[in-house]
Number of protein chains: 2
Amino acid sequence: MEIGRPYSRLLHRLERFNALCSDDRRYVAELPLTVANFAASQEVARRGDTPSRCTLVLSGFLYGHKALDNSRRQITSLLVPGDIADLNTLHLSTLDHSISALGPAVVAFLPHTPLKYMLDRSPHLARAFWREAFLEAAILREWVVNLGRREALAKVAHLVCELAVRLQAVDLGRNLCFSVPWTQMDLADACGISAVHANRVVQELRRLGLVDWDCRQVKIRDWDALVKVGDFSDDYLQMQTAVKEALPIEQGLSEYA
Amino acid sequence: MEIGRPYSRLLHRLERFNALCSDDRRYVAELPLTVANFAASQEVARRGDTPSRCTLVLSGFLYGHKALDNSRRQITSLLVPGDIADLNTLHLSTLDHSISALGPAVVAFLPHTPLKYMLDRSPHLARAFWREAFLEAAILREWVVNLGRREALAKVAHLVCELAVRLQAVDLGRNLCFSVPWTQMDLADACGISAVHANRVVQELRRLGLVDWDCRQVKIRDWDALVKVGDFSDDYLQMQTAVKEALPIEQGLSEYA
DNA sequence: CGACCGATTGACACAGCTCAAATGAAGTGG
DNA sequence: CCACTTCATTTGAGCTGTGTCAATCGGTCG
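Residues numbered from 1 in each chain as written. Chains lettered and ligands numbered in written order. Predicted model: local features only at pLDDT ≥ 70, side-chain atom pairs only at ≥ 80, totals over all residues. Heavy atoms only, no water.

1. Comments concerning the protein's contact with DNA strand C
- Of all residues adjacent to DNA strand C, which total 17 residues, the nearest are R72 and A152 of chain A together with Q184, N199 and Q203 of chain B.
- The sugar-phosphate portion of DNA strand C accounts for 70% of its atoms within 4 Å of the protein, the bases making up the rest.
- A distance of 2.6 Å is found between a phosphate oxygen of DNA strand C and a side-chain nitrogen or oxygen belonging to R72 of chain A.
- Interatomic distance of 2.6 Å between a side-chain N/O atom of N199 of chain B and a phosphate oxygen of DNA strand C.
- When contributions to the surface near DNA strand C are tallied by element, the ones reaching two or more residues are α7 (195-207) of chain A together with α7 (195-207) of chain B.
- Here the element with the most residues in the surface near DNA strand C is α7 of chain B; it accounts for five residues. (Near = heavy atom within 4 Å. Polar contact = N/O pair within 3.5 Å; in protein donor to acceptor, adjacent residues only side chain to side chain. Helix = DSSP H or I, 4+ residues; strand = E, 2+ residues; numbered from the N terminus.)

Laid out in structure tokens, this is it:
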């Protein structure tokens, strides 16, 4: 796929708010990188590591997670193509959480040194990366709300809405339909519920006619209703007009803004 | 208190990892600022706002929060003196969550423009601010874990541990004792539990001899046990040696590292 | 003194957990 | 091409942590 132009999605992301000048685009496009493949469930980086490069998702999905005492884990983030998984290692030496591949994934490793050099040089690029970091924090904040104050059905609905919007922004979610190589156990660990209950919730969402959800394929059948159930508002994703225009009109997008 | 030197705590924080050169210190110390007082529960900034300055906590506590449909709210962060509450507004125009004063608080408003100018100019300062941003994200990640995968007693214990360490780092938590102007309702909204249950949990922590907890004053009586109950590990706070040295030896700090 | 707010307590309900077993799908090796 | 394994989904049954409701108590402030 876009291995040939590994930065296309990243550049697209970085330019979401402000266009970059051609020098800056070249800076990014000429960053040295190593492409690597990961199998499903393979660990990309482990908590406590002190990596010397950042990880850009090229295709597939990664997820951040922390393990607890009792063999449980909490997924703290889902990373889609175009996301940088561990930007924090750029300035915080030790990784505070682990990162693994959800399904098979292709990533690009970007060595810290040239990345830092670049960001020191170009204020515009620095700003664009700041935005990425703050966007990640905004998503984490919304996850805090999701995990803290919503019941299971809403948690799952909310996560599906978030993924739909994020994937659409990178062209992986046309027609309110996307596919993620997660199991219901992964879903459970992302939503802080048990796997058994995750299953029941998925069934309930199906029963309510909100989604088709076969295996890894999720098709949202009633966006407005799902938004309502999940108490979703996309403002924290900072997609502004870009995404809203891309969503089909007849689904009544104006509703949830 | 340190209104006379409003940046002392911030400088201390920024220099936690690397000392700043005297030029950089002067840069910071000469940032223009406006000091403002807030009463308990007063709103400092509201979701949707597009502020043109950042908010540095000088004394007292702020908290970030998001309201849900049903008159519920989730507290997403507690901000202690030395924290910058809304660094994200520097590059993300609209605020994704509200910020309020927990008790009476004194803050300094730092206009974006000189701040941006400064960060564009000094790579070292930029790095220090990056670290602050990433640290905030690391805390959010731990909150995600706390809310998603721990039961109520552990949630509260964990939060108390976190606060103890963070407050100690800014000299507000000597002897494993600190005071925060929160109510049990605030505690509940931070831990994603009901106020009634928060009360029961606090009582249980008292009963177990883990803490003295009168009104706003929290005294940790058995650090090791509290750490264990809360499944706490301070690595995500990136305090490194600094804090560990500051904690009393006899409390067996080596345990939880 | 009355009003108000926060802490506390008790009774009850229920969302979601655990345990355990069955079913289905997909891959492996003979 | 069929046993066999493995892994994910599904279903059922009972249990429990936590929520809700409602009342009480205590302190503070005007």
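2. Here we look at unusual backbone geometry
Residues and elements named next belong to chain B.
- Its identity is not glycine, yet S41 carries a phi of approximately 70°, on the positive side.
- Here D231, not a glycine, exhibits a phi torsion of approximately 55°, which is positive.
- Tracing the backbone shows D231 in the loop between α8 (223-229) and α9 (240-246).

3. Some thoughts on the interface of chain A and chain B
- Counting residues at the interface gives 51 residues for chain A and 51 residues for chain B.
- In total, chain A and chain B occlude about 4800 Å² of area from one another, counting both sides; carbon and sulfur atoms represent 59% of this.
- Taken as a group, W130, R141 and R149 of chain A account for 20% of the area that chain A buries against chain B, more than any other trio of residues on that side.
- One can count twelve salt bridges joining chain A with chain B.
- Among the salt bridges present, the one from R141 of chain B reaches E136 of chain A, with a minimum N-O distance of 3.2 Å.
- At the surface where chain A touches chain B, the tally comes to 22 residue pairs in polar contact (both at pLDDT 80 or more). (Contact = heavy atoms within 4.5 Å. Buried area = accessible area lost by both parts, 1.4 Å probe. Salt bridge = Lys/Arg side-chain N within 4 Å of Asp/Glu carboxyl O.)

4. Re the protein's contact with DNA strand D
- DNA strand D sits among 17 residues. The nearest are Q184, N199, R200 and Q203 of chain A together with R72 of chain B.
- Each atom of DNA strand D within 4 Å of the protein was classed as base or backbone; sugar and phosphate made up 71%.
- Within the contact set of DNA strand D, a phosphate oxygen lies 2.5 Å away from a side-chain nitrogen or oxygen of N199 of chain A.
- Here S194 of chain B contributes a side-chain N or O atom positioned 2.9 Å from a phosphate oxygen of DNA strand D.
- Contributing elements (two or more residues each) for the surface near DNA strand D: α7 of chain A together with α7 of chain B.
- Broken down by element, the residue count for the surface near DNA strand D peaks at five residues, all from α7 of chain A.

5. Details of the packing of aromatic side chains
All names here are of chain A.
- Taken as a whole, this structure holds eleven aromatic pairs over all chains when the rule is applied.
- Between F38 and F109, the aromatic rings sit 6.2 Å apart at their centres with planes inclined by 90°, giving edge-to-face as the arrangement. Of this pair, F38 sits in strand β1 (residues 34-38) while F109 sits in strand β7 (residues 105-111), and the two are 71 residues apart along the sequence.
- Overall, the relative accessible area of 11% leaves F38 in the buried class. (Phe/Tyr/Trp six-rings, centres within 6.5 Å; stacked < 30°, edge-to-face > 60°. Buried < 20%, exposed > 50% of the residue type's maximum accessible area, 1.4 Å probe, protein only.)

6. Brief notes about the relation of the copies chain A and chain B
- Rotating chain A by 180° about the axis while translating it 0.0 Å along that axis superimposes it on chain B, leaving an RMSD of 0.0 Å. With respect to symmetry, the two chain copies, as superposed, fit the operation of a two-fold axis.
- Take the interface residues of chain A: 100% of them recur as interface residues in chain B, which is what a same-surface contact looks like. (Least-squares fit on C-alpha atoms with pLDDT ≥ 70 in both.)

7. Quick look at the state of the cysteines
Residue and element names in this part refer to chain A.
- Per the stated rule, a full pass over the model turns up zero disulfides over all chains.
- Not engaged in a disulfide, the cysteine C215 finds its nearest cysteine sulfur in C177; these two sulfurs lie 13 Å apart.
- The class of C215 is exposed, set by a relative accessible area of 64%. (Disulfide = S-S within 2.5 Å.)

8. Some words on the sheet that holds strand β9 (residues 211-214) of chain A
All names here are of chain A.
- Strands sit in the order β8-β10-β9 across an open sheet of three strands; the sheet is antiparallel. Whereas interior strands pair on both sides, the edge strands pair on one side only; in this sheet they are β8 (177-179) and β9. Strand-to-strand twist in this sheet, taken as the mean axis angle between neighbours without regard to direction, amounts to 10°.
- Two strands pair when backbone bridges link them, and β8 and strand β10 (residues 217-220) are joined in this way by three bridges, in the antiparallel orientation. Note on β10: the bridge partner recorded for C177 is K219.
- The sheet strands contacting helix α5 (residues 152-169) are β8, β9 and β10, and the helix crosses β8 at an angle near 95°. (Pairing = 2+ DSSP bridges. Axes fitted to C-alpha atoms, helices over the stretch in contact; angles between N-to-C directions.)

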